[in-house]
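# A closer look at the structure
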Amino acid sequence: MSATSNNISRISNSLTTYATLSRLRANSLAVFREQERLSSGQALLSASDDPIAAEMIGRLTQSRAAQDQVLANLRHADGYLAASDTAVSDIGDILTDAARIASEQASNLQSAEERASQAAVVDGLIDQLRNVGNRQYQGLYLFGGRGVNSAPLTGDFGRISYTGDAGSRQTLVATNLSQAYDISAAGVFGLKDDLSGAYVDFDVQLSSSTRVTELAGATNSGVRLGRIQVSQTGPAINFEVDFTGAETVGDLIARFNNAAATAGSSLTLGINPSDGGALQISPAVASVQITEINNGTTATDLGIRKTATAATLDGDTVNRRVSLTTPLSELQPGGLSLTNGVVIKNGTKTATVTFAGATTVQDVLNQLNNAGIGIRASITDDGNGIVIENQVAGTPLIIGENGGTDADRLGIKTIDASVSLSRVNGGRGIHPVAGGFDFRVTNANGVTFDVSLAGAKTIGDVINAINSASTLAGAGVVATTSQGGAGLHLSGPAGAGSLSVTALNLSPVAQELGIAKAGTATDLDGDNVTPFYQSGIFTALYRLRDGLLTNSSSEITESGAAINALQKQVSGTAGEVGARSKSMRDRLQQTEDAVSATTVLLSQIKDVDFTDAVTKFQQAQTALQASLLTTSRIQNLSLLDFLR
């Protein structure tokens, strides 16, 4: 046998030790990891164990957290609506009691003493309603709008006043979907069903700083910015303008003018000097046509999708809305100058409000709202004017002039041509005679004319009837609304006598309009017979209370009719709350189901299978024990073991 065949391979002790320790470490780690899975209940101890499963766990965990938040929101909203439902039901019960009192006391057989005692009961009902309106849920006022930390109903002006926030509370009810879930005191009690003012639509002018978001657009659909095509002849030039991302009218102008200059065109975009609410493309060329690109609406929204031949292209008005930051200098052509102020009377309180230093709409609103007289002035929802809310129930509000025309120019004088005659005399209206004239007007020179108001519906109808009859008679008498703010004013030519109005055919109309009197030779100022009252439940109850105290059967009857109408309104509100509550409960059930499904799926991926984990743990332990036994045997070998 050759020497080569007798060679024996040998492994060094260090290599043997290294291999043995590596096996021990691997088996020990396997035991440790299985122990960790069992103790933590987690299938994955690190993302490297299963990157795909780890990514799924991350997404499902994030989804579950969002679902949990939505679930908490829905539970709060559901509880809130349940509390609101109870409150609205209580309001309905209180109104039922008030309607019963009105019905019982409307008869002329009731004594003044009995009616006075029932007035005290009505006062109690008013206090109960106020308490219901100030109820809380989880420490938050139910009917305070977004002002959840302050009572929405107070008695600051001697009667119930609504000082709640005008906004609504919203909550996230699904991913990227929020929903209003509250009912404000104004809605529940009908406090804002009727508002005053807002009869002037401001012709707001454009400026380079006007934000595009303030524009309602030529079609009142907003302004959706994109690209437009400009085609001109004389010379023939075509170019596109991209308005995407423009923030102001100045940006629109710069985008257009830069594109035109780059294309070699002399056309420029600017604000129309003769109509400051519209855009204009000049100078006049042979022809210019503006069209849309890719079915866009930008040119239409900006009012310039049209063609002009040998003339400037005058755009349509883009209907800039009023905002808090709108300068008074841009509210109308030439600006709005308020130099005299207004006089406001609310019940027994009077305040003169001036606008010195006011430069924006916000300044004007602040001056009005800080007068401390129980009104709230705000911009109308359509952004075209200013509306006035009487926050105090049952008190007559009158806004008139302070020697100028500021109230009329702001559109907040209590009386204007659009006011319904049903508001005259505390809601009683006027009662023209059938088939005859209602009153006669005599000017200072003795010229007379008769007026019939049959069919008249508004203050404007009254003014037109008087002025038309005056014109036919050549009397020179002109009817307008009064400076006082809630009545009529007649003016006429000077003469030896006085300007006067007398009733005809036993008609009460002149008296009801507050003009059955004699004035000076040139002026007759009517009484303030059309003050503005807050609408809703509290005003109706105060009217019932006052009717009982003054022993007025007509007032009791009319307030009872108003209460009956409000009962129907509250029933409608109850239905609305019920519908919202059902919607929330349905969403709550759906979300709970979604949370359960996500939890199950997450558990299947994330949680350990204990049966499998115990088996693997036992296998790892067996492997570790075997490694330890093998290592022990190898480490105990000696030279004698190799010589045997």
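For the structure itself, consult the block above.
Predicted, not measured: the structure shown is a model, and the values here were computed from it. (Residues numbered from 1 in each chain as written. Predicted model: local features only at pLDDT ≥ 70, side-chain atom pairs only at ≥ 80, totals over all residues. Heavy atoms only, no water.)

Moving on, we come to the overall build of the protein chain. Within the protein chain one finds 15 helices and 25 strands. Sequence-distant contacts in the protein chain: of pairs separated by 6 or more residues, those separated by 24 or more amount to 64%. Counting only carbon and sulfur atoms, one obtains 51% of the accessible surface of the protein chain, whose full area is about 30500 Å². (Helix = DSSP H or I, 4+ residues; strand = E, 2+ residues; numbered from the N terminus. Contact = heavy atoms within 4.5 Å. Areas by Shrake-Rupley, 256 points an atom, 1.4 Å probe, with all protein chains shown as cover.)

Read across the open sheet, the three strands follow the order 22-23-25; overall the sheet is antiparallel. The open sheet has two free edges, formed respectively by strand 22 (478-481) and strand 25 (523-525), since each of these has just one partner strand. For this sheet, the mean inter-axis angle between neighbouring strands, taken without regard to orientation, is 20°. Of the strand pairs in this sheet, strand 22 and strand 23 (residues 488-491) are connected by four bridges, and their pairing is antiparallel. Counterpart to Thr481 in the pairing with strand 23 is Leu488. Running over the sheet, helix 10 (residues 459-473) touches strand 22 and strand 23 and is turned about 165° from strand 22. (Pairing = 2+ DSSP bridges. Axes fitted to C-alpha atoms, helices over the stretch in contact; angles between N-to-C directions.)

Across the sheet, three strands lie side by side as 10-11-14; this open sheet has antiparallel pairing. The sheet is open, and its two borders are formed by strand 10 (268-271) and strand 14 (313-317), each paired with just one other strand. When strand polarity is set aside, the average angle formed by the axes of neighbouring strands in this sheet is 20°. Across the sheet, helix 5 (residues 249-263) touches strand 10 and strand 11 (278-282), and the angle it forms with strand 10 is around 160°.

Before going further, it helps to spend a moment on the environment of Val223. As for its position among the elements, Val223 is in the loop between strand 7 (196-197) and strand 8 (227-233). The spatial distance from the C-alpha of Val223 to the C-alpha of Thr297 is 8.0 Å, given a sequence separation of 74 residues. For Val223, the residues in contact, after removing those within four places along its chain, are Val212, Leu215, Gly217, Asp301 and Leu302.

Glancing now at the packing of helix 3 (residues 112-133) against helix 12 (residues 537-549). Close contact between helix 3 and helix 12 brings their axes to 8 Å; oriented N to C, the two are set at 165°. With respect to each other, helix 3 and helix 12 are oriented roughly antiparallel. The two elements helix 3 and helix 12 cross, and the hand of that crossing is left-handed. Judged by residue contacts, Arg115, Ala116, Gln118, Ala119, Val122, Asp123, Ile126, Leu129 and Arg130 of helix 3 engage Ile537, Phe538, Leu541, Tyr542, Leu544, Arg545, Leu548 and Leu549 from helix 12. Broken down by class, the residue content of the contact of helix 3 with helix 12 amounts to 12 nonpolar, one polar and four charged. (Parallel < 35°, antiparallel > 145°, perpendicular 65-115°, else oblique. Left-handed = near helix turned anticlockwise from the far one by under 90°. Nonpolar A, V, L, I, M, F, W, Y, C, P; charged D, E, K, R; others polar.)

Counting residues in each nonpolar core, the largest one holds 51 residues, and the members touching the most others are Ile91, Phe189, Ile537 and Phe538. Secondary structure elements with two or more residues in this core: helix 2 (51-105), helix 3, helix 4 (185-188), helix 12 and helix 13 (553-606). If sequence neighbours within four positions are ignored, Ile537 has contacts with Ile91, Leu95, Leu129, Val188, Phe189, Leu566 and Val570. Counting residues in hydrophobic clusters, the runner-up holds 30 residues, among them Phe239, Val249, Leu252 and Leu279. (Core = buried A, V, L, I, M, F, W, Y, C linked by side-chain atoms within 4.5 Å. Buried < 20%, exposed > 50% of the residue type's maximum accessible area, 1.4 Å probe, protein only.)

On to the environment of Val88. Of note, Val88 is situated in helix 2. Spatially, the C-alpha atoms of Val88 and Thr573 are 7.6 Å apart, while their sequence positions differ by 485 residues. Aside from chain neighbours lying at most four places away, what touches Val88 is Val570, Thr573, Ala574 and Val577.

In this structure the tally under the stated criterion is 20 salt bridges. Its salt-bridge partner being Asp123, residue Arg545 comes within 2.8 Å of it at the nearest N-O pair. Of this pair, Arg545 sits in helix 12 while Asp123 sits in helix 3, and the two are 422 residues apart along the sequence. Assessed through its relative accessible area of 12%, Arg545 is described here as buried. Since its relative accessible area comes to 29%, Asp123 is described here as partly exposed. Between Arg159 and Asp546 there is a salt bridge; the shortest N-O distance is 3.2 Å. Of the two residues, Arg159 is situated in the loop between strand 3 (153-154) and strand 4 (161-162) and Asp546 in helix 12; the sequence distance between them amounts to 387 residues. It is possible to trace a salt-bridge network through shared partners that takes in Asp123, Arg159, Arg545 and Asp546. (Salt bridge = Lys/Arg side-chain N within 4 Å of Asp/Glu carboxyl O.)

Direction of pairing for strand 15 (residues 342-346) relative to strand 16 (residues 349-353): antiparallel, over a ladder of five bridges. Across the sheet, the residue bridging to Lys345 is Thr350, located in strand 16. Adjacent in sequence and paired antiparallel, strand 15 and strand 16 are bridged by two residues, among which Gly347 carries a positive phi angle near 65°.

This model, assessed by the stated rule, comprises two aromatic pairs. Here the aromatic rings of Phe239 and Phe256 are separated by 5.8 Å at their centres, their planes lie at 70°, and the arrangement is edge-to-face. Here Phe239 is found in strand 9 (residues 237-242), whereas its partner Phe256 is found in helix 5, with 17 residues between them in sequence. The exposure classification of Phe239 matches that of Phe256, with both residues buried. The lysine or arginine in question, Arg159, covers the ring of Tyr542, its NZ or CZ lying 4.5 Å from the ring centre. (Phe/Tyr/Trp six-rings, centres within 6.5 Å; stacked < 30°, edge-to-face > 60°. Lys NZ or Arg CZ within 6 Å of the ring centre and 35° of its normal.)

Moving on, we get to helix 10. Here helix 10 contains 15 residues, and its C-alpha end-to-end distance of 21 Å stays within 8% of the 21 Å for a straight helix at 1.5 Å per residue. The set of residues buried in helix 10 consists of Ile459, Gly460, Val462, Ile463, Ile466, Ala469 and Ser470. On its buried face, helix 10 sits against helix 9 (424-427), strand 20 (439-442), strand 21 (448-451), strand 22 and strand 23. One or two residues past the end of helix 10 sits Gly474, with phi positive at roughly 65°. (Expected span 1.5 Å × (residues − 1).)

Considering the arrangement of structural elements, one finds Ser196 in strand 7. Among residues more than four places away in sequence, those in contact with Ser196 are Val387, Ile388, Thr414 and Phe532.

Just geometry here; none of it tells us what the structure is for.
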